[in-house]
Amino acid sequence: MYGKTLIDRQNTRVDRIHPKSAFSASTFTLSFGYTKDLIPLMNRFLLRRLNVVLLALWTVLGFNSLQAQTSAASTTAGTVGTANNPGSSGSWASVTNVQTENNVYATALITGSNKSSNYLDATNWGFQSTNAAAANYIPSNATINGIQVSIKRRKTLTGNVRDSKVILLKSSGEVGVSRASTVSWPTTSAFAAYGNEIDLWGASFTAADLTNSGFGVRIAARNKGKKDAQAEIDYIKITVFFNQTIYYSKNTGNLETLATWGTVSDGTGTAPLNFTRDGQLFILTNRATATLTGNLTISGLNSGFVIGNGAVATPTTLTIPSNYVLTASVNLKDNSSLTITNTTAPVLTSIGANTTVTYNASADQTIADAAYYNLSLSGSGKKLFTTNSAVATTIDNILSITGGVTADNRGNNVIVGGSIANSGYASGTGSYTYSITDANGTLSGNGIYDNLEVDASSSSNSTYSVTLSNSTTVKSTLYLNSGSISNSTNLTMNAGSFIKVEDGTLANALSSTGYDVTYLPSSNTTITAGGELAGTVKNLDVQVGSGATLTLNRNVSMTGNLAISSGTLDVSNSNYNLTVGGNLTNNGTLNLRSNTVTLNGNGVQTIDGSSAQTFNSLTVNNATGGSVQLNKPVTVNNTLTLTNGIVTTSSTNTLTTAANATISGGNSASYINGPLKMTVNSINSTKTFPVGKNGAYRPLSLSIEQNATTSTVYTAEAIAGAPTTRTYTTGIQNVSSVRYYTIGSSNAATLSSATINLSYNTDDQVLNPSVLRVAKSNGTQWANLGGSGSAANNGTISSTSFTSLGDFVLANINSIVLPLTWLGFDATKKVNAIELNWQTAQEVNTAAFVIEKSADGVSWSRIGTLASKNIAGTNTYTFTDAFPAAVNYYRIKQVDIDGQFAYSKTIRIVYSTTSTDIVVYPTIIRNGTINCVIKDQEVLKSGQISVAVYDLSGKLVYANKMKPLPLITFTCSNLAAGQYTVLIGNENNYQQAKVLVQ
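Presented here is a report on the structure given in the accompanying data block. It should be emphasised that the depicted structure is a prediction, and the values quoted were computed from it without experimental measurement. (Residues numbered from 1 in each chain as written. Predicted model: local features only at pLDDT ≥ 70, side-chain atom pairs only at ≥ 80, totals over all residues. Heavy atoms only, no water.)

1. Focus: the nonpolar core
Soluble globular proteins: nonpolar side chains tend toward being buried together.
Inference 1: Membership of the largest hydrophobic core comes to 126 residues, with the highest contact counts inside it found for Phe-305, Leu-348, Tyr-372 and Leu-578.
Inference 2: The dominant element in this core, judged by the number of residues it contributes, is strand β74 (residues 751–760), at 5 residues.
Inference 3: Excluding anything up to four places from it in sequence, Phe-305 contacts Leu-255, Trp-261, Phe-282, Leu-284, Leu-296, Ile-298, Leu-318, Leu-326, Ala-328, Ser-329, Val-330 and Asn-331. (Core = buried A, V, L, I, M, F, W, Y, C linked by side-chain atoms within 4.5 Å. Buried < 20%, exposed > 50% of the residue type's maximum accessible area, 1.4 Å probe, protein only. Helix = DSSP H or I, 4+ residues; strand = E, 2+ residues; numbered from the N terminus. Contact = heavy atoms within 4.5 Å.)

Have a look at this one:
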């Protein structure tokens with residue numbers, strides 16, 4: 001009969017016989033389940049004889065037990081409906097979606113604080129007592145040991161969803177007690193198990209109760225937060241455990257020894273024959289502490305290991321030492337504890353209240369996937385949470401991480417409902433969520449978090465706080481969902497970290513080296529910022545909803561970007577100032593009241609958004625080399641301060657100052673590059689436009705007389721290059737080709753008359769201010785507006801009055817010739833450079849010298865500019881080309897102040913440092929003597945060659961001209977120890993070498 005099946009022909013019940021299993025005559029007789037149809041055919045004697053024969057046969061074949069079915073599972077509720085829950089504010093929709101696991105949900109939108117949903121009732125589970133081969137079969141005479149309900153659920157929206165009720169139903173209604181958990185529902189759909197193999201939920205059940213269509217489970221969810229929340233359930237299934245054999249431990253004895261266990265509650269009675277039979281539960285009780293002294297494996301189907309009996313007076317603690325393994329499904333009853341020192345942990349199927357599980361190996365450990373009450377992580381190494389991204393590990397009470405331990409959530413959330421004591425490192429891309437309701441809490445320990453989430457929610461309008469009692473560092477993200485963190489001076493945000501603020505806040509300042517802050521509450525209310533803005537904020541992003549407002553509680557300085565993605569940012573009645581080191585983007589509302597916004601970055605900054613932006617006062621203090629780019633129109637109502645940084649505008653993205661606004665500052669490092677608009681609403685006004693272009697600051701002043709107080713916007717822009725060609729009138733001989741100005745207004749009829757004052761500098765080439773004039777466009781002509789320059793090179797000029805606007809430019813009233821005389825132009829080879837020298841005489845009205853270079857004498861490029869000395873007599877100029885090529889052509893372009901120019905002669909010079917035909921040796925000089933071997937025939941044919949020695953500063957310490965020979969020797973005496981450069985050759989071949997003098 002090995003491996004065969006005994007069949008009861010009368011009711012076709014099937015019981016599988018397994019070899020090498022625990023067995024006794026009594027359990028063998030019971031597990032056959034003879035029917036009353038067979039019993040009349042046998043008398044007691046025959047039945048006893050059959051048992052004896054079967055027992056003998058069982059022993060001969062090596063079979064020890066019958067493995068009877070001990071659980072039944074049903075995966076589909078036949079009936080799903082709703083029932084009224086008094087005081088609820090959320091009805092369930094699409095309830096039949098819970099019948100199938102497919103990520104399609106039954107949903108209940110719960111509005112209002114501390115409100116519950118209606119009841120969702122899942123009944124008619126189809127358990128039956130007729131087909132023994134079915135997964136949902138429960139024998140009619142079964143002893144029911146436990147019931148487990150598994151619910152796959154999640155929450156959406158921003159409220160805080162928790163269980164309100166999870167209770168079993170009979171046909172008569174609710175029975176027993178609710179197994180509702182206090183832990184928040186996760187945002188990612190995950191299973192939660194309620195009950196276990198030996199939990200009857202405070203009630204009693206028969207097979208008839210469970211096969212009745214009225215048996216099932218009732219579920220209600222509660223919104224513990226102030227914001228709306230939606231509870232969602234994907235799937236429900238129920239497992240029933242029955243006919244299990246329960247063994248209790250004696251108060252002494254090794255747990256891995258069969259004799260330590262018995263069927264009576266004190267450990268006496270029948271002992272198990274092995275640990276492998278199906279349906280065996282081993283309850284560790286009758287002792288306060290126990291430690292494994294060997295490996296223990298409990299492997300039967302629906303078998304398990306239970307720690308404790310749930311009694312407060314007699315709690316039980318089990319320790320699994322590092323050298324032994326417990327292989328079993330483990331259930332911790334209330335008030336019990338488990339310490340796991342081995343790196344292999346048992347499967348934890350159920351954990352009761354007031355329990356503690358401790359992982360304290362001195363190496364990496366994997367934390368069993370379970371819902372914990374207290375979880376303690378100690379020892380050393382990493383403690384690794386589940387890798388199942390659909391499961392959030394929940395801890396009802398305390399999570400403790402001791403110093404030297406790294407907890408790694410491996411991307412999944414760890415939700416804690418009591419307190420967190422972290423003196424180690426809570427790592428991982430998932431968050432460690434501290435979730436409490438209607439209570440104050442504590443975060444202790446001087447530990448580190450990658451991601452910490454605080455949710456101290458309230459069912460009323462009260463604010464609850466979480467005290468950060470020790471120095472704590474957050475490396476990645478701090479989530480402030482609700483409540484206030486009282487952090488004193490204990491919080492440090494690492495550089496590059498992030499604070500995400502929903503309805504929570506920091507009560508105190510923090511330490512940081514640059515972190516980002518985002519506000520995103522969903523309620524359309526006014527929220528006030530807290531200490532989260534007191535540190536070194538990098539990027540600030542406001543996402544508070546279209547009807548919500550974030551009100552500042554302090555001046556805020558950002559080293560990075562300010563973005564108002566939605567809602568309103570209000571600086572409050574205190575007019576707190578904003579300092580922005582990056583870009584300012586406003587897609588919502590920026591209520592700046594009477595404050596100042598300062599842009600102080602060190603690169604390109606932009607002002608952008610969904611619409612034009614208005615500032616009260618705007619300061620541009622961007623570091624040298626930085627700039628501000630307007631991507632939307634900007635208006636300044638009070639003060640525009642230009643300290644550092646060039647502001648670039650355009651015809652569509654202009655900068656406008658209001659009628660009563662003032663502009664301060666303006667310099668060569670900070671001006672308006674593009675159109676600048678200034679508003680006038682009075683009869684007389686003088687406006688100074690701090691404009692410039694291409695690195696040249698050229699402010700202008702416009703004195704305006706209007707014929708009415710009509711508000712008029714005047715626009716001015718400096719433009720580089722020559723203006724439109726027009727004919728000259730009234731003495732104008734030429735106009736500047738360096739730059740001009742264009743000025744317009746929003747209402748030409750308002751202007752009665754105006755005068756303009758223009759500035760100029762060296763590059764405007766004003767050498768004779770007496771002939772300088774202001775010209776204005778008049779159709780196709782340049783009109784002479786008079787004026788006279790205040791000084792040569794750098795000064796201002798004011799025009800006579802005019803009555804219309806247009807283009808304005810500097811002009812001359814006589815032609816200027818080029819009387820300059822060239823006296824000489826040559827080039828000299830230097831260490832890693834070529835030095836150009838030229839001399840001139842009779843410089844008059846000369847503006848500058850432009851040095852040009854070519855590799856072929858055809859295509860030329862500008863490599864530098866020197867301003868003209870423009871004084872009588874002989875003038876000498878020097879320019880060094882620090883990047884000579886092998887062959888170089890040079891020429892000098894002399895430019896007159898009116899733009900005319902002339903060229904010097906062109907010279908050619910060969911500069912080579914790569915030839916091996918000239919070799920200097922030795923490279924280490926001890927007596928000052930230097931040798932040079934010359935193989936280059938062209939050099940040897942020269943009339944003479946040049947020899948020069950330079951020190952590291954470039955100072956010439958030796959120079960000589962010699963007759964070229966194949967070997968040249970020369971002595972440089974009195975040279976200090978150090979490195980020198982030797983140059984030798986003629987104008988067509990030039991070699992340099994490094995030598996060291998000792």
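More follows now that the structure is in view.
2. Digging into the pairing of strand β87 (residues 918–921)
Inference 1: Side-chain alternation along β87 places Ile-918 and Val-920 on a buried face and Val-919 and Tyr-921 on a face that remains uncovered.
Inference 2: Relative to strand β89 (residues 929–934), β87 is paired through 4 bridges, and the arrangement is antiparallel. Within β89, the position partnered with Ile-918 by the bridge is Ile-934. (Pairing = 2+ DSSP bridges.)

3. Structural notes on the packing of aromatic side chains
Inference 1: This model, assessed by the stated rule, comprises 18 aromatic pairs.
Inference 2: Summarising the aromatic geometry, the rings of Trp-261 and Phe-305 are spaced 6.0 Å apart at their centres and angled 80 degrees between planes, so their arrangement reads as edge-to-face. With Trp-261 in strand β17 (residues 261–262) and Phe-305 in strand β21 (residues 304–307), the pair connects residues that are 44 residues apart, well separated along the chain. No difference in accessibility class separates Trp-261 from Phe-305, as the two residues are buried.
Inference 3: Each ring, one from Tyr-671 and one from Tyr-697, has its centre 6.1 Å from the other, and the planes form 25 degrees; the classification is stacked. Placement of the pair is Tyr-671 in the loop between β63 (662–665) and β64 (672–673) and Tyr-697 in strand β68 (residues 696–697), with a sequence separation of 26 residues. Across this residue pair, the class does not change: Tyr-671 and Tyr-697 are buried.
Inference 4: Grouped by ring-pair contacts, the aromatic residues Tyr-247, Trp-261, Phe-275, Phe-282 and Phe-305 constitute a single cluster.
Inference 5: Stacked on the ring of Tyr-877, the Lys or Arg Lys-869 has its end atom at 5.1 Å from the ring centre.
Inference 6: The positively charged end of Arg-891 is found above the aromatic ring belonging to Trp-860, 4.3 Å away from the centroid. (Phe/Tyr/Trp six-rings, centres within 6.5 Å; stacked < 30°, edge-to-face > 60°. Lys NZ or Arg CZ within 6 Å of the ring centre and 35° of its normal.)

4. Looking at the side chain of Asn-302
Inference 1: By secondary structure assignment, the location of Asn-302 is in the loop between β20 (296–297) and β21.
Inference 2: Side chain to side chain, Asn-302 and Thr-70 meet in a polar contact 2.8 Å long.
Inference 3: A distance of 2.6 Å separates the side chain of Asn-302 from the side chain of Ser-71, its partner in a polar contact.
Inference 4: What Asn-302 contacts, discounting residues up to four positions off in sequence, is Thr-70, Ser-71, Phe-241, Gln-244, Gly-279, Gln-280 and Leu-281. (Polar contact = N/O pair within 3.5 Å; in protein donor to acceptor, adjacent residues only side chain to side chain.)

5. Focus on the pairing of strand β44 (residues 497–506)
Inference 1: Burial of β44 is extensive: 7 of the 10 residues sit out of reach of the surface.
Inference 2: In the sheet, strand β42 (residues 472–486) pairs with β44 via 8 bridges, with the strands oriented parallel. By the bridge assignment for β44, Ile-485 is matched with Leu-506.

6. What about the environment of Ser-617?
Inference 1: The topology assignment puts Ser-617 in strand β58 (residues 613–621).
Inference 2: Ser-617 gets classed as buried once you look at its relative accessible area, which sits at 6%.
Inference 3: As for Ser-617 and Arg-908, which are separated by 291 residues in sequence, their C-alpha atoms are 58 Å apart.
Inference 4: When residues no more than four places from it in sequence are discounted, the contact partners of Ser-617 are Asn-595, Thr-596, Val-597, Val-636, Asn-638 and Thr-639.
Inference 5: In this structure the side chain of Ser-617 is engaged in a polar contact, spanning 3.3 Å, whose partner is the side chain of Asn-638.
Inference 6: One polar contact links the side chain of Ser-617 to the main-chain amide nitrogen of Thr-639, over a distance of 3.4 Å.

7. Quick word on the sheet that holds strand β49 (residues 549–551)
Strand pairing in a sheet is mediated by backbone hydrogen bonds. Such pairs are either parallel or antiparallel.
Inference 1: The 4 strands are arranged β47-β49-β52-β55 in an open sheet whose pairing can be described as parallel. Each edge of the sheet is formed by a strand with only one pairing partner; in this case those strands are β47 (526–528) and β55 (589–591). Taking the axes of each pair of neighbouring strands and ignoring which way they run, one obtains an average angle of 20 degrees across the sheet.
Inference 2: Where β49 meets strand β52 (residues 568–570), 3 bridges bridge the pair, whose relative direction is parallel. (Axes fitted to C-alpha atoms, helices over the stretch in contact; angles between N-to-C directions.)

8. Here's the deal with the side chain of Asp-455
Inference 1: Note that Asp-455 resides in strand β40 (residues 448–457).
Inference 2: Despite its burial, Asp-455 remains without a salt bridge, the nearest opposite charge being carried by Arg-162 at 5.9 Å.
Inference 3: Polar contacts involving the side chain of Asp-455 include one to the side chain of Ser-482, which spans 2.5 Å.
Inference 4: In this view, Asp-455 contacts Asn-160, Tyr-434, Ser-435, Ile-436, Asn-481 and Ser-482; residues no more than four positions away in its chain are not counted. (Lys, Arg positive; Asp, Glu negative; His and termini not counted. Salt bridge = Lys/Arg side-chain N within 4 Å of Asp/Glu carboxyl O.)

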